[in-house]
Amino acid sequence: WMRRGGSQVERVEREQPAKRPKGAGGSTMEDGVRAGAARGVPQRINAGASKAPVKKMTISLKKERPKLPETFEEDTWQKLQLSVRAVHDEKPVEQSFEELYKAVEDLCIHKLGQNLYARLAEECEQHIKKQVAALVSQASDPVEFLDVVEACWNTHSEQMSLIRSIFLYLDRTYVIQSCNVVSLWAMGLQLFRKHFESVPEVQRKVIAGILALVHRERKGDMVNRALLRNLLRMHTSLQIYPQFEGAFLEATETFYHEEGNAMMNQLDVPSYLLYVERRLEEEGERVGHYLDPQTRKPLIVKLDEQLLEMHAEAIISKGLETLMADNRVKDLKRLYTLIARVNGLHHIKVAFSAYVKRAGLEIVTNEERQLEMVQDLLNLKAKVDVLLEEALDGNEALAHALKDAFEALINVKQVSGNAQNKPAEAIAKFVDLQLRSGGKGASEVELEAVLDRVLTLFRYIQGKDVFEAFFKKDLAKRLLLNKSASVDAEKSMISKLKQECGSSFTNKLEGMFKDMELSRDVMTAYADSSVKKQSSGESEIAVHVLTTGYWPAYPPAPLKLPKELLDHQEAFEKFYLSKHQGRRLTWQNSLAHCWMKASFRPGSHGRKELLVSLYQASILLLFNSTDSLTLTEISEAVGMDKKDLVVTLQSLACGKTKILAKNPKGREVVDTDEFLFNSKFDSKQLRIKVNSIQLKETQEENDKTTESVFQDRQYQVDAAVVRVMKARKTLSHTLLISELFKQLKFPVTPADLKKRIESLIEREYLERDKDSPSTYTYLA
């Protein structure tokens with residue numbers, strides 16, 4: 001048989017046994033036994049036959065190892081070297097790919113991979129060195145030079161890819177199995193980087209060219225983005241991108257510093273913000289197209305610094321107030337979003353608060369629109385709330401700034417004179433208007449929404465006692481004159497105030513409603529009483545019995561009632577006092593009103609029903625017995641104050657509804673004027689309301705209400721001073737004033753506090769220290 005070993009073939013032959021003389025059968029017994037055994041045929045051997053010796057067969061093998069030709073490595077490398085040079089020279093390769101791959105494999109199999117790797121690296125380095133050196137003498141223009149560099153890089157990449165495919169077996173065996181040996185592709189990059197960095201002039205021209213193209217693109221020109229992408233990927237592959245990135249960020253900073261200053265001077269704030277937003281988008285696209293992703297963050301930081309952070313205060317001061325005033329939600333949202341990028345929310349907060357204060361103070365201090373003050377404040381609050389939610393992202397810090405600004409502007413008019421606490425008074429009057437008219441036809445849901453909005457302003461008021469005084473006075477008129485549009489709305493408002501200020505704030509208000517309910521029960525009992533049945537006349541009376549502590553204090557109003565009304569008063573008083581012994585009734589004539597039937601001429605068209613005040617009714621009843629009366633005669637008959645009498649006669653004779661005629665004509669009323677029953681009066685309406693001038697609030701009444709509030713405040717100040725001094729025993733004037741400011745919930749001046757301290761000293765609650773007059777001591 002044949003055995004192949006290395007490159008030699010050895011023949012192995014079986015040794016033949018020595019020939020023996022043949023017997024009769026042509027073979028010996030031993031031969032026959034061996035032959036039979038070889039054929040697998042059992043042979044019988046005679047027991048008496050003697051055994052012949054067995055001969056052994058021996059096989060001899062040669063052990064010489066094959067040897068390579070001495071020129072095998074050199075010959076193979078020369079063949080591979082020619083192919084590498086052909087690739088570098090961009091010429092056809094003579095050998096086939098399979099032949100070259102086989103040659104690399106043979107070298108690696110015979111442990112010659114290290115030499116092969118070193119020779120290939122040297123060959124590539126010589127070629128790369130020439131290619132990079134050739135770039136020095138290329139085009140002087142940096143932009144044109146980029147095309148040359150790109151071509152050089154593309155050629156290098158293609159050649160290294162082809163060389164790697166030839167030496168793939170080397171890359172997959174020797175390189176993988178060896179430490180500190182990089183792949184063929186990485187080797188090519190290292191060599192290219194080594195010689196590229198050895199020529200700084202080339203590197204500078206490449207970076208300058210790239211920056212020039214980027215500058216052109218920022219100016220609006222079209223550039224070859226594919227060229228930029230390839231060159232920057234080259235920088236990344238060669239691990240020299242940080243060198244370009246530093247120069248790029250520096251150029252970016254310079255460019256946007258100059259352009260930002262120019263645009264800030266040329267454009268208004270909304271246009272400038274659009275410009276910044278566009279630039280941010282462009283730079284983001286630039287990163288996506290050819291810059292390395294790691295450049296995005298430092299690039300955007302540079303833009304934020306140059307376009308936003310440097311101009312943040314100017315942008316806010318020039319634009320925030322205008323955008324808020326014009327209600328430009330989108331532009332304001334853009335401003336907030338951009339300024340928030342550079343931590344400029346503090347500047348926004350300051351400007352936001354200043355705008356709200358300024359706009360609010362214009363409303364509060366506008367004397368011509370005092371009646372519309374609350375509605376204007378509500379409109380401002382609603383507008384700012386919408387801007388805060390939609391444009392300013394509902395920022396919590398800005399919400400607190402809004403609250404502080406409104407609290408400051410609503411309480412800013414704490415000065416002496418009639419303007420004191422004007423917002424609190426105006427808010428109470430606005431609530432009165434809403435509850436009196438039912439919100440001018442608004443539904444219950446809309447009325448509730450308005451009251452909720454008003455309650456927001458109420459929370460900002462420091463002097464809530466002023467609001468309480470005016471609200472209570474107006475509520476009394478609504479209840480007594482039946483002017484309330486909805487009892488449910490009234491109770492809902494009181495419930496809201498109770499939630500805000502506690503039960504002590506609304507205790508008197510709730511008591512007023514209880515009095516009204518009890519009065520209905522009293523009138524029901526009176527109607528069924530014998531006293532009522534004994535009263536004469538066709539007229540009826542309805543009485544509201546009010547608890548003095550719950551209702552506002554009303555000044556006495558002298559009036560001589562006609563006998564018809566006086567009889568009813570006396571009858572009711574007799575009935576009530578019989579039921580409630582120890583009580584005293586005081587009639588409030590200024591709040592009473594009457595329904596009267598009047599006949600101006602015969603026929604149904606001349607009959608009217610008049611809704612008038614008790615003052616007006618008392619005067620009109622005088623004309624049942626006469627057609628004309630002088631002012632003096634009327635004054636003696638009714639016994640009213642001269643001022644109230646003049647105002648009442650003006651409402652009857654000089655208003656729109658002229659029940660009486662005045663001679664001579666005119667609004668001025670003097671003692672000699674004569675008043676006549678106007679039989680020519682006519683109206684399409686059957687029921688006519690005669691406006692009562694005295695029912696309209698005068699400034700004097702408002703001043704009295706405010707004065708009563710201040711009187712109550714004096715007691716609170718006195719109690720606070722005693723409470724503090726009782727706890728501290730001895731305290732300086734400055735510390736006492738400071739402590740009082742913390743405890744008192746309403747605005748007060750140091751001068752007012754000093755007056756109350758002096759009053760307490762006079763009443764011997766406190767005394768001055770003998771050694772230090774500015775120190776007070778509590779007297780137990």
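As shown above, the structure is provided for reference.
Predicted model only: the values in this text are computed from it and were never measured. (Residues numbered from 1 in each chain as written. Predicted model: local features only at pLDDT ≥ 70, side-chain atom pairs only at ≥ 80, totals over all residues. Heavy atoms only, no water.)

**Looking at the sheet that holds strand 7 (residues 674-677)**
Inference 1: Across the sheet, which stays open at both edges, the three strands sit in the order 5-7-6 with antiparallel pairing between neighbours. In the strand order of this sheet, the two ends are held by strand 5 (628-630) and strand 6 (660-663), each with one partner. Strand-to-strand twist in this sheet, taken as the mean axis angle between neighbours without regard to direction, amounts to 25°.
Inference 2: The pairing of strand 6 with strand 7 spans four bridges and is antiparallel. (Pairing = 2+ DSSP bridges. Helix = DSSP H or I, 4+ residues; strand = E, 2+ residues; numbered from the N terminus. Axes fitted to C-alpha atoms, helices over the stretch in contact; angles between N-to-C directions.)

**A short note on the packing of helix 11 (residues 241-266) against helix 12 (residues 269-289)**
Inference 1: Direction vectors running N to C along helix 11 and helix 12 enclose 155°, while the axes themselves pass 10 Å from each other. Regarding the angle of helix 11 to helix 12, the classification is roughly antiparallel. Between helix 11 and helix 12 lies a crossing whose hand is right-handed. Side by side, helix 11 and helix 12 meet where F255, Y256, E259, G260, M263 and M264 of the first sit next to Y272, Y275, R279, E283 and R286 of the second. (Parallel < 35°, antiparallel > 145°, perpendicular 65-115°, else oblique. Left-handed = near helix turned anticlockwise from the far one by under 90°. Contact = heavy atoms within 4.5 Å.)

**Here's the deal with unusual backbone geometry**
Inference 1: In this structure, the amide linkage connecting N663 to the following residue, P664, adopts the cis form with an omega of 0°.
Inference 2: With respect to the helices and strands, P664 occurs in the loop between strand 6 and strand 7.
Inference 3: A positive phi angle, close to 60°, is found at E90, a residue other than glycine.

**Digging into helix 12**
Inference 1: Taking 1.5 Å of rise per residue, 21 residues should cover 30 Å, and helix 12 covers 30 Å from first to last C-alpha, within 8% of that figure.
Inference 2: All of the buried residues in helix 12 are V269, P270, Y272, L273, Y275, V276, R279, L280, E283, G284, R286 and V287. (Expected span 1.5 Å × (residues − 1). Buried < 20%, exposed > 50% of the residue type's maximum accessible area, 1.4 Å probe, protein only.)

**What about a positive patch on the surface?**
Inference 1: On the surface, a cluster of positive charge is made up of K658, K665, R667 and K680.
Inference 2: Checked against the element boundaries, K680 lands in the loop between strand 7 and strand 8 (687-689).
Inference 3: Residue classification places K680 among the exposed positions, given a relative accessible area of 75%. (Patch = residues over 30% accessible without salt bridge, like charges linked within 9 Å, V, L, I, M, F, W, Y side chains within 5 Å. Areas by Shrake-Rupley, 256 points an atom, 1.4 Å probe, with all protein chains shown as cover. Salt bridge = Lys/Arg side-chain N within 4 Å of Asp/Glu carboxyl O. Lys, Arg positive; Asp, Glu negative; His and termini not counted. Charge placed at Lys NZ, Arg CZ, Asp CG, Glu CD.)

**Regarding the packing of aromatic side chains**
Inference 1: Applying the stated criterion across every chain, the model contains 20 aromatic pairs.
Inference 2: Ring centres of F97 and Y101 lie 6.2 Å apart, and the angle between their planes is 35°; on these two criteria the pair is classed as tilted. One end of the pair is F97 and the other is Y101, both in helix 3 (residues 97-109) and four residues apart, which spans about a single turn.
Inference 3: Between Y117 and Y174, the aromatic rings sit 5.9 Å apart at their centres with planes inclined by 50°, giving tilted as the arrangement. Of the two residues, Y117 sits in helix 4 (residues 113-134) while Y174 sits in helix 7 (residues 174-177), which places them 57 residues apart along the sequence. In this pair, the class of Y117 matches that of Y174, namely buried.
Inference 4: What links up through ring pairs into an aromatic cluster is the set Y526, F572, F575, Y576 and W587.
Inference 5: In this structure, K205 is placed above the aromatic ring of F145, and the distance from its NZ or CZ to the ring centre is 4.2 Å. (Phe/Tyr/Trp six-rings, centres within 6.5 Å; stacked < 30°, edge-to-face > 60°. Lys NZ or Arg CZ within 6 Å of the ring centre and 35° of its normal.)

These figures capture arrangement, not role.
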